[in-house]
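Remarks on the overall topology
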Amino acid sequence: MGRPTGSIWKHLFLVLAMLAALLVVAPGAALANTFNVNNSGDGGDANAGNGVCETGPGNGVCTVRAALEEANALAGADTINVPAGTYSIGDSLTLDSNVTLVGASAASTVFDGGGSNIVIRIDGGTSTVRHVTVRDGDSQAGGGIRLFAGFLDLEDAIVTENFGFTGGGGIYAEAGSTITISRTSIVANNATGAFGGGLWNQGSMFVSDSLISGNDSNRAGGIRNSGVMNLRNTTVSGNTAHSPDAGTGGISQLGFLFMNNATVVNNSGTGTESFHGGGIHNISGSTTVMKNSIVAGNDGGTGPDDCVGELTSDSRYNLIGDDTGCVFNGLATTFLLNVDPELGPLANNGGPTSTHLPLSTSPVINAGSPVDPGGPAADACEGLDQRGVLRLICDMGAVEREVAVPDTLIVNYETDLPDALPGDGTCEIAAGGGLCTLRAAVQESNHLPGTQTIEVPSGTYNMAIAPGGEAGLNPAAAGDLDFTDDAVLVGASRTGVVIDGNGLSRVFDLHPGVDVSISQATIQGGTDSGGGGIRATSSALSLTSVVVQDNVSTFDGGGILSGLGLGEELNVADSIIRRNLASGFGSDGGGIAAANDVVITDTEITRNEAEGSGGGIDLTSGVLSRVDISFNETNSGTFGNGGGISAGALELHESTVNGNDSASHGGGVFAASGVISNSTISGNTSATRGGGVSTNNDLLIQSSTVALNSAVTDGDGLFIFGALAEATLHSSILYNPGAGPECSGID
């Protein structure tokens, strides 16, 4: 091999320089390390900070403690992987930097404190602990986990059989610390003192999708909160206070507490002194916001059973089994009071923790906030329940009574009536009646996840509910049929299924962001401002084998309006658009008015009228193939361009434009630019210029015939105007033997 040339040496130098640059760490940057534990012992690291987890030089033994000592000594966000096994912990495992500690699973990776100390302590930093069990810790406070400072994210864990003398048997968060707890069971922990057998919070604590059960303390069995606390999709069940004089079984609340979809049941308290009540005690000076929750079936001993103290005025949609001692600052009309929630026992109902499943007859089913679950509304319930099950209609409490989500909704009743309970998975106008109307099917589809197919048998579906209140949570309940979610509507046949607006409103209204396909149906008799038959705003509409006829709009789109927003898509195939009217002054698109992406194939657009442009169709841009556009007209001399078609940018292929009439430019076609190919434009008339075609930009007419058109003023066949206008004819016929010039223009 010969010596490399100078050019090759130069390239090699550049490559080596680039590789060297990649290996240089910027000043102040920290590398993330991963340590894999391989030994269940408790020995420390031989040389913390050298990046090697081992208990002795060169021995390769990496314990949990050694890995943590390495991670705490190093900068950067480090990860420690801990395999299945039981790890006996002597001194506390301390996390004071950015560490992620990951076990194999909560059931198989166990940190056992041996009853001698806190198992895990957080002294600072931002840490995550997941997939572990923390058990048998013992401390003055926070036997299992204690946060002195910093942030901890605890996920998919079990905290059990820990002891805190003063409180926080399971977990204690001091003031200034923050902990989030997700999908975790905090069970069978104990405290001798007053402050929470399971949890004691003086900092910020956010608990979701978790279970707090079987914990015990002298005066606050489950939870003691004097900081900021959130309970979402969480069950507080079977906790006890054992003081003979005073104790709250479930939650002793002295700080700020927000509860949404919580279930607080079967807890036991004692006495009537400073701590009392079975379920929740809101101590004077605290703030408790409760929504979509259940507090019932608790035992207060000699004190109130379920609720003691004040709830805020914005607490709504809750079931309180015994409201003795509960103070409602505002109307409680959304509450279910002194009612049995009818819950099953604490059991494995799926999901990461045990839960109480509502029985089939439970009053909490569908009794939560009526707004969409997971939505931005202040009262909305959680989008998923404690198990991770999707909520359709909000049930009170942590667990949703599941309903089957149908893929198909079958209409079987022609009368126009609304759904009894949209989103319950059943299309019916009365519970148990089995009658499904078209309106009910649309409502049900709007409230269900995924895309439903609505099957419509032959029949005439006359709309009978006048518009009113359509801006609410259920807009399809009255007036036009609003699609607020993706859907597919399939009729039995194009002429056999007739959906008639009956002159009350438009027929269909697609809300922003939805994708709706309609096939094998006739849509007629609609009237409204903008899209007499169908309006699609910032949405996608597909029509296949559909008739859209005899609709009226006082704005654009006598038959169909696809516009007024961003990103609309309109696809029409094998359809008929006829006898529609855009009647308002300057209203465009007698048959169709559309912006953005438009594709129309194998379709007839005929005998539509517009007061503005586009008697048949008005487009910003679009592709039309094998389309018959005939006998459409515009009526306004000022705005009435394009008797058949008015378009900014047009592609017209293998189509016929015949017998259309324009009150202004372009009897057949008015197109600023585009291509007309393999098409016939004939028998069209213009009251001014361009009987066949009029353009003011760049238009190519290829392999087409423009014949027997006429214009009153100029250009029977073709009229070209504007400084940038240019029309090119290629392999085409221009034959318009009227009184005026056949081709005219170029101002």
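Right above here is the structure, for reference.
Now for a quick tour of the structure. Model, not experiment: these values are computed from the prediction.

Look at any regular strand and the pattern is simple: side chains alternate between the two faces of the sheet. Both strand 20 (residues 204–208) and strand 24 (residues 228–232) contribute to a ladder of five bridges, which runs parallel. Looking across to strand 24, one finds that V207 is bridged to L231. Summarising the sheet, strand 24 and strand 29 (residues 256–260) pair through five bridges and their orientation is parallel. Each bridged residue has a counterpart across the sheet, and for R232 the counterpart in strand 29 is N260.

So, on to the pattern of salt bridges. Tallying each qualifying case throughout the model produces 19 salt bridges. Close ionic contact of D480 with R506 constitutes a salt bridge, the shortest N to O distance being 3.0 Å. Placement of the pair is D480 in the loop between strand 43 (459–462) and strand 44 (481–483) and R506 in the loop between strand 46 (497–500) and strand 47 (508–510), with a sequence separation of 26 residues. This pair shows no difference in class: D480 is buried, exactly as R506 is.

This brings us to the packing of aromatic side chains. Within a pair of aromatic rings, the relevant descriptors are the distance that separates the centres and the angle that separates the planes. Overall, the coordinates contain eight aromatic pairs when judged by the stated rule. Aromatic pair F195 and W200: ring centres 4.9 Å apart, planes at 25 degrees, arrangement stacked. Look at F195 and you get partly exposed, because its relative accessible area is 25%. The buried category is assigned to W200, whose relative accessible area is 8%. With 5.8 Å between their ring centres and 25 degrees between their planes, F719 and F721 make a pair best called stacked. Ring pairing ties together the aromatic residues Y172, F195 and W200, which thus form one cluster.

Glancing now at the side chain of D416. Residue placement: D416 occurs in the loop between strand 41 (408–410) and helix 3 (438–447). Its relative accessible area of 11% is what places D416 among the buried residues. A distance of 2.7 Å separates a polar atom in the side chain of D416 from a polar atom in the side chain of R439. Within the structure, the side chain of D416 is placed 3.3 Å from the backbone nitrogen of I465, a separation counted as a polar contact. Not counting the four nearest positions on each side in its chain, D416 is found in contact with R439, N462, M463, A464 and I465.

Here is what the cut-offs are and how they apply
Residues numbered from 1 in each chain as written. Predicted model: local features only at pLDDT ≥ 70, side-chain atom pairs only at ≥ 80, totals over all residues. Heavy atoms only, no water. Pairing = 2+ DSSP bridges. Helix = DSSP H or I, 4+ residues; strand = E, 2+ residues; numbered from the N terminus. Salt bridge = Lys/Arg side-chain N within 4 Å of Asp/Glu carboxyl O. Buried < 20%, exposed > 50% of the residue type's maximum accessible area, 1.4 Å probe, protein only. Phe/Tyr/Trp six-rings, centres within 6.5 Å; stacked < 30°, edge-to-face > 60°. Polar contact = N/O pair within 3.5 Å; in protein donor to acceptor, adjacent residues only side chain to side chain. Contact = heavy atoms within 4.5 Å.

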